[in-house]
Amino acid sequence: MSKELQKNLRKQVAPYEKANTKASIIQMINTLGPFFLLWILAYQSLQISYFLTLAFTTAAAFFLTRIFIIFHDCCHHSFFKSRKANKFVGTITGVLTLFPYSQWQHDHSIHHGTSGNLDKRGTGDIWVLTVDEYLAEPVWRRIAYRLYRNPLVMFGLGPTYVFLLKNRFNKKGARRSERINTYLTNVLIAAAVAVLCLTIGWEAFLLVQAPLFLISGSLGVWLFYVQHTFEDSYFEEDENWDYVKAAVEGSSFYKLPKPLQWLTGNIGYHHVHHLSPRVPNYNLEKAHVNTEPLQNIPTITLKTSLQSLKFRLWDEQGKKFVGYKEIRAYAKVRRSQTV
């Protein structure tokens, strides 16, 4: 992709970067309203059937995912024109999703600026090793890596650890405003939990909130995972890394059925989002449809996205993700080269 084409591509997407206050408010109403209604229905249904409760919490989990997309847009200052409005709504939706606004905004900005850069991995992204790195690791590190990328850990224990524990603490060297925002988020979360437990009882609270939390957490991590983990993704060393290429080649178009696309806040148009984070989620589809060069980017569907579970390591030579089975051949070649 030439520099001129890259420049034109970003120029074509620019008109969709403008936030629409009316559209943002409508989205908050049709997202927060159903979420709270479903939460109340889940609580009320405890006296009828817990299977009915699980049905309501599953539906609420999808709306919580949509709330996270609002939070996500606020972190990019793309949901409202006002930075103060973005921070206020972002902090409140951060309480609902258990993410401190300023802390996640910082880490996520780094993710956008380094996605696909082999020399700058480690902040706001999923742990990825290259084949050569994996083969050079001691046994204990290989085991740790395999455990980390095991689906039960990545989509179960992983979200639990990140949302409940990791998000509650500031990183060393965090700015004062970031630390204060994390403390504020923690206090608001604790207050909300305390009020609910005192009002409906801690057992009822956990019976509703626990499955909601687990389902939405797994769904959120899955969306992030599949949008950067597909066979012919994009990874380069820093000297060859390119922002636009990383956006359109290293971020997929997750083509979902319309109801799921709506519930996930159009985040399936991840290539558009990485190309221009200032495009609000309700403009992502328009930007994709009306920008011809984006019609040929990597596309995955619900069915093909399941293949991403077998992708474990990045093959720098083949420029693709491979599984653990393939590295046996790599290891054999490496041993023959050292003889």
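Below: a short report on this structure.

Parameters at a glance
- Residues numbered from 1 in each chain as written.
- Predicted model: local features only at pLDDT ≥ 70, side-chain atom pairs only at ≥ 80, totals over all residues.
- Heavy atoms only, no water.
- Helix = DSSP H or I, 4+ residues; strand = E, 2+ residues; numbered from the N terminus.
- Rg over C-alpha atoms; globule rule 2.2 N^0.38 Å.
- Buried < 20%, exposed > 50% of the residue type's maximum accessible area, 1.4 Å probe, protein only.
- Contact = heavy atoms within 4.5 Å.
- Core = buried A, V, L, I, M, F, W, Y, C linked by side-chain atoms within 4.5 Å.
- Axes fitted to C-alpha atoms, helices over the stretch in contact; angles between N-to-C directions.
- Parallel < 35°, antiparallel > 145°, perpendicular 65-115°, else oblique.
- Nonpolar A, V, L, I, M, F, W, Y, C, P; charged D, E, K, R; others polar.
- Pairing = 2+ DSSP bridges.
- Patch = residues over 30% accessible without salt bridge, like charges linked within 9 Å, V, L, I, M, F, W, Y side chains within 5 Å.
- Areas by Shrake-Rupley, 256 points an atom, 1.4 Å probe, with all protein chains shown as cover.
- Salt bridge = Lys/Arg side-chain N within 4 Å of Asp/Glu carboxyl O.
- Expected span 1.5 Å × (residues − 1).
- Polar contact = N/O pair within 3.5 Å; in protein donor to acceptor, adjacent residues only side chain to side chain.
- Phe/Tyr/Trp six-rings, centres within 6.5 Å; stacked < 30°, edge-to-face > 60°.
- Lys NZ or Arg CZ within 6 Å of the ring centre and 35° of its normal.

1. Some details on the overall build of the protein
Inference 1: Secondary structure assignment for the protein yields 16 helices and 5 strands.
Inference 2: In terms of overall dimensions, the protein is globule-like: its C-alpha atoms have a radius of gyration of 21 Å, near the 20 Å expected for 339 residues.
Inference 3: Dimensions of the protein, computed from the C-alpha atoms along their principal axes, are close to 70 × 45 × 45 Å.
Inference 4: Every one of the 339 residues in the protein was classed for burial, and the buried ones make up 48%.
Inference 5: If you take every contact in the protein between residues at least 6 apart in sequence, the share linking residues at least 24 apart comes to 71%.

2. Some points on the nonpolar core
Inference 1: If you look at the biggest cluster of nonpolar residues, it comprises 33 residues, and the most contacted ones within it are Met28, Phe35, Trp39 and Phe79.
Inference 2: When residues of this core are traced back to their parent elements, those giving at least two are helix 2 (21-44), helix 3 (50-75), helix 4 (83-97), helix 5 (101-114), helix 9 (176-200) and helix 10 (202-226).
Inference 3: Top contributing element to this core by residue count: helix 3, with 8 residues.

3. Structural notes on the packing of helix 8 (residues 151-165) against helix 10
Relative orientation and spacing of two packed helices are given, respectively, by the angle between their axes and the distance between those axes.
Inference 1: Where helix 8 contacts helix 10, the two axes come as close as 8 Å, and the packing angle between them is 105°. Taken together, the axes of helix 8 and helix 10 are roughly perpendicular relative to one another. Across the interface between the two elements, Met154, Phe155, Pro159, Thr160, Phe163 and Leu164 of helix 8 pack against Phe213, Leu214, Gly217, Ser218, Val221, Trp222 and Tyr225 of helix 10.
Inference 2: Its residues assigned to classes, the contact of helix 8 with helix 10 comprises 10 nonpolar, 3 polar and no charged.

4. Side note on the side chain of His108
Inference 1: Assignment of secondary structure puts His108 in helix 5.
Inference 2: Those residues within four positions of His108 in sequence are excluded, and the remaining contacts are His72, His76 and His273.

5. Considerations on the sheet that holds strand 1 (residues 129-130)
Inference 1: Ordered in space as 1-4-5, the 3 strands form an open sheet in which the pairing is mixed. Two strands close off the open sheet at either side, each with one partner strand: strand 1 and strand 5 (320-322).
Inference 2: As paired elements, strand 1 and strand 4 (residues 313-315) share 2 bridges and run parallel to each other. By the bridge assignment for strand 4, Thr130 is matched with Trp314.

6. Remarks on a nonpolar patch on the surface
Inference 1: A cluster of nonpolar residues, Phe88, Ile92, Leu184 and Leu188, forms a patch on the protein surface that exposes about 360 Å² of accessible area.
Inference 2: Its location among the elements puts Ile92 in helix 4.

7. A short note on helix 2
Inference 1: Spanning 24 residues, helix 2 covers 34 Å between terminal C-alpha atoms, matching the ideal 34 Å at 1.5 Å per step.
Inference 2: Listed as buried for helix 2 are Ser24, Gln27, Met28, Thr31, Leu32, Phe35, Leu38, Trp39 and Ala42.
Inference 3: Contacts from the buried residues of helix 2 go to helix 3, helix 4, helix 9 and helix 10.
Inference 4: Two to three positions downstream of the cap, the backbone nitrogen of Lys22 sits 3.0 Å from a side-chain oxygen, assigning the N-cap of helix 2 to Asn20.

8. Regarding the packing of aromatic side chains
A ring pair, where both rings are aromatic, is described by two values, the distance of the centres and the angle of the planes.
Inference 1: Applying the stated criterion across every chain yields a total of 27 aromatic pairs.
Inference 2: An angle of 65° between the planes, with centres 5.3 Å apart, marks the rings of Phe35 and Phe36 as edge-to-face.
Inference 3: Feature note: the residues Phe68, Phe71, Phe99, Tyr101, Trp104, Phe163 and Phe213 constitute an aromatic cluster, connected by ring pairs.
Inference 4: One Lys or Arg, Arg142, reaches over the ring of Tyr134 and ends 5.2 Å from the middle of that ring.
Inference 5: Across from the ring centre of Tyr324, 3.9 Å away, lies the NZ or CZ of Arg146, which sits over that ring.

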